[in-house]
Amino acid sequence: MRDIWLVSDTHFFHENILKFTDNDGNLIRPGFNSVEEMNEHMRDRWNSVVKPGDIVYHLGDVMMGPKEDFQRFWPRLNGSKRLIVGNHDDIKYMAKGSFFQKIQMWRVFADHKLLLTHVPIHESSMMRPGMTNVHGHTHQNGSPPGPYKSVCVEMLDDYTPVHIDEVV
């Protein structure tokens, strides 16, 4: 059986994210001396849990930077990847590059009562009662109150994708 993993807002190759701070002036991604170090750390953490046959839902904002570097880097990540489109994703580029098995605006896992989106959506927009909105976009700010779960890398254990069963 293939495992399903969730992650969001990796921002691979995004140099400036290493300078972003929270409201208290703390770096949101401390400890990295370069974007290459950040990319390699997230790749190591990804591949530490995701096996080649697994499925990974990336909930948007995959990369921001040189596309040629991303093209070489992306195949080094394990798993069959599916994209839930984020506000910084170049959809045409992602689709033409065949980086993802599927590209969607959202995904419902009815059996798990999960709705995957990039941004948290209003509770009234959830498709079924009792669903949890698994999302990205909010980085270090986490989730709004209510039935929400952020899978932004800043909210995960050492930037490691989270198993769908852990979210449930």
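About the criteria used
- Residues numbered from 1 in each chain as written.
- Predicted model: local features only at pLDDT ≥ 70, side-chain atom pairs only at ≥ 80, totals over all residues.
- Heavy atoms only, no water.
- Buried < 20%, exposed > 50% of the residue type's maximum accessible area, 1.4 Å probe, protein only.
- Helix = DSSP H or I, 4+ residues; strand = E, 2+ residues; numbered from the N terminus.
- Pairing = 2+ DSSP bridges.
- Right-handed = clockwise from strand over helix to strand, strands pointing away.
- Expected span 1.5 Å × (residues − 1).
- Arc of directions from axis to C-beta.
- Contact = heavy atoms within 4.5 Å.
- Axes fitted to C-alpha atoms, helices over the stretch in contact; angles between N-to-C directions.

Colleague: An account of the pairing of strand β2 (residues 55-58) is requested, with residue identities and associated values reported.
Modeller: Along a regular strand, successive side chains alternate from one face of the sheet to the other. Of the two faces of β2, the one holding I55 and Y57 and the one holding V56 and H58 are both buried throughout. The sheet contact formed by strand β1 (residues 4-7) and β2 spans four bridges and is parallel. Its bridge partner lying in β2, L6 is registered against Y57. Considered for its hand, the β-α-β crossover made up of β1, helix α1 (residues 35-49) and β2 is right-handed. Where β2 and strand β3 (residues 80-84) come together, four bridges link them in parallel fashion.

Colleague: Report on the sheet that holds strand β4 (residues 102-104), specifying residues and quantitative values.
Modeller: Ordered in space as β4-β3-β2-β1-β9, the five strands form an open sheet in which the pairing is mixed. Here the strands that pair on one side only, and so sit at the sheet edges, are β4 and β9 (162-163).

Colleague: Which residues make up α1, and what are the values?
Modeller: Counted at 1.5 Å a residue, the expected span for α1 with its 15 residues is 21 Å, and the 22 Å between its end C-alpha atoms agrees. All buried positions along α1 are accounted for by V35, M38, N39, M42, R43, W46 and N47. The buried residues of α1 all sit within an arc of 155° when viewed along its axis, so they share a single face. Those residues of α1 that are buried lie in contact with β1, β2, α2 (67-73) and β3.

Colleague: Requested: an account of the sheet that holds strand β5 (residues 107-109), with residues and values cited.
Modeller: Taken together, four strands build an open sheet; the order of strands is β5-β6-β7-β8 and the sheet is mixed. Two strands close off the open sheet at either side, each with one partner strand: β5 and β8 (148-150). Adjacent strand axes in the sheet meet at a mean angle of 20°, parallel and antiparallel pairs treated alike. Bridge count between strand β7 (residues 132-135) and β8: three bridges; the pairing is parallel. By the bridge assignment, H135 is partnered in β8 with S150.

Colleague: Residues and numbers for the environment of T21, please.
Modeller: Position of T21 among the secondary structure elements: in the loop between β1 and α1. When the C-alpha atoms of T21 and Q140 are compared, they prove to be 9.3 Å apart, with 119 residues separating the residues in sequence. Non-local contacts of T21, meaning those with residues more than four positions away in its chain, are made with N26, L27, I28 and Q140.

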